[in-house]
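# Structural description and commentary
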Amino acid sequence: MIHIFLIVCSLFTFSAHAAVQDFCVADLKGPDTPAGYTCKPAATVTVDDFVSTGLRFAGNTSNIIKAAVTPAFSAQFPGVNGLGISIARLDVAAGGVVPMHTHPGGSELLLVTQGFITAGFVSSANTVYVKTLKKGDIMVFPQGLLHFQVNAGGVTAVAFASFSSATPGLQILDFALFANDLPSKLVEATTFLDDATVKKLKAVLGGTG
């Protein structure tokens, strides 16, 4: 009986190990599905698939929000595909802001490495959590909740945001409302803003309708 038990255990252990993949480097030539990219053939995987140098460099903050996000998600960093992790660099110039936004696919952990950032999120109970962060401080933003970052000093702030997903997604509230062809009347009805304000914001953000 003991021999049979040991044989069964060894077969289970072998099959469990056989089913485990060390990694699934993204094949960027294939489709990006809700489950991630398909795996690149193991014979073509190199060390460069697991290394990224893109976050060395500051992003271009010469835009309307005076901020830039440089992602290292699976599309830019194939080695994180399927691992449930990713990272991005955030540069926020003086007077800059990352407007209210959400990551539907993952939670975010923000580490400030330069300057000061006022950051916060709103819970589903409409409770607001806000804090001004300085170098070395971290703040977590739970998955799917609206949150924001604002430069709180006179110099460019830099932070690194890690995520609990290789593809956390991003939807910026202002752009969702005013940077597309959603009819102004519907925006007004759902936000209680007047027609002049909605059209002004659409003009600033490039929306129509």
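One can find the structure itself at the top, above this paragraph.
Quick look at the structure, then.

## Digging into helix 3 (residues 184–191)
Buried residues of helix 3: Ser 184, Val 187 and Glu 188, and no others. The buried residues of helix 3 occupy one face: seen down the axis, they fall within an arc of 100 degrees. Along helix 3, exposed side chains directed more than 90 degrees from the buried face belong to Lys 185, Ala 189 and Thr 190. Its buried side turned inward, helix 3 meets helix 2 (173–178) and helix 4 (195–205). Following helix 3 by one or two positions, Phe 192 adopts a phi angle in the positive range, close to 65 degrees.

## Examining the sheet that holds strand 7 (residues 117–122)
Overall, antiparallel pairing links the five strands, which are arranged 8-7-10-5-12 in an open sheet. Of all strands in the sheet, those with a lone pairing partner are strand 8 (128–133) and strand 12 (171–172), marking the two edges. Alignment of strand 5 (residues 97–102) against strand 10 (residues 147–151), held across three bridges, turns out to be antiparallel. Following the sheet pairing, His 101 is matched in strand 10 by His 147.

## Considerations on the pattern of salt bridges
Counted by the stated rule, this structure contains three salt bridges. As a salt-bridge pair, Asp 91 and Arg 89 come within 2.9 Å of each other at their nearest N and O atoms.

## So, the packing of aromatic side chains
Following the criterion strictly, the structure yields four aromatic pairs and no others. Ring centres 5.5 Å apart and planes at 85 degrees place the aromatic pair Phe 73 and Phe 163 in the edge-to-face group. Here the residue Phe 73 occupies a position in the loop between strand 3 (67–72) and strand 4 (86–92), and Phe 163 occupies one in strand 11 (residues 157–163), the gap between them amounting to 90 residues. In this structure, Phe 73 and Phe 163 share a single accessibility class: buried. Between Phe 121 and Phe 141, the ring centres sit 6.3 Å apart and the planes meet at 85 degrees, which makes this aromatic pair edge-to-face. Highlighted residues: Phe 121 in strand 7 and Phe 141 in strand 9 (residues 138–141), separated in sequence by 20 residues. Just as Phe 121 is buried, Phe 141 falls in that class too. Within the aromatic cluster, the residues linked to one another by ring pairs are Phe 121, Tyr 129 and Phe 141.

## Points about the sheet that holds strand 6 (residues 108–114)
The antiparallel open sheet is built from five strands, whose spatial order is 3-4-11-6-9. The open sheet has two free edges, formed respectively by strand 3 and strand 9, since each of these has just one partner strand. Geometrically, the sheet is characterised by an average inter-axis angle of 20 degrees between neighbouring strands, direction not taken into account. Looking at chain direction, strand 6 and strand 9 are connected through four bridges and run antiparallel. Each residue of the ladder has a partner; that of Leu 110, found in strand 9, is Met 139.

Rules of the game
Residues numbered from 1 in each chain as written. Predicted model: local features only at pLDDT ≥ 70, side-chain atom pairs only at ≥ 80, totals over all residues. Heavy atoms only, no water. Buried < 20%, exposed > 50% of the residue type's maximum accessible area, 1.4 Å probe, protein only. Helix = DSSP H or I, 4+ residues; strand = E, 2+ residues; numbered from the N terminus. Arc of directions from axis to C-beta. Contact = heavy atoms within 4.5 Å. Pairing = 2+ DSSP bridges. Salt bridge = Lys/Arg side-chain N within 4 Å of Asp/Glu carboxyl O. Phe/Tyr/Trp six-rings, centres within 6.5 Å; stacked < 30°, edge-to-face > 60°. Axes fitted to C-alpha atoms, helices over the stretch in contact; angles between N-to-C directions.

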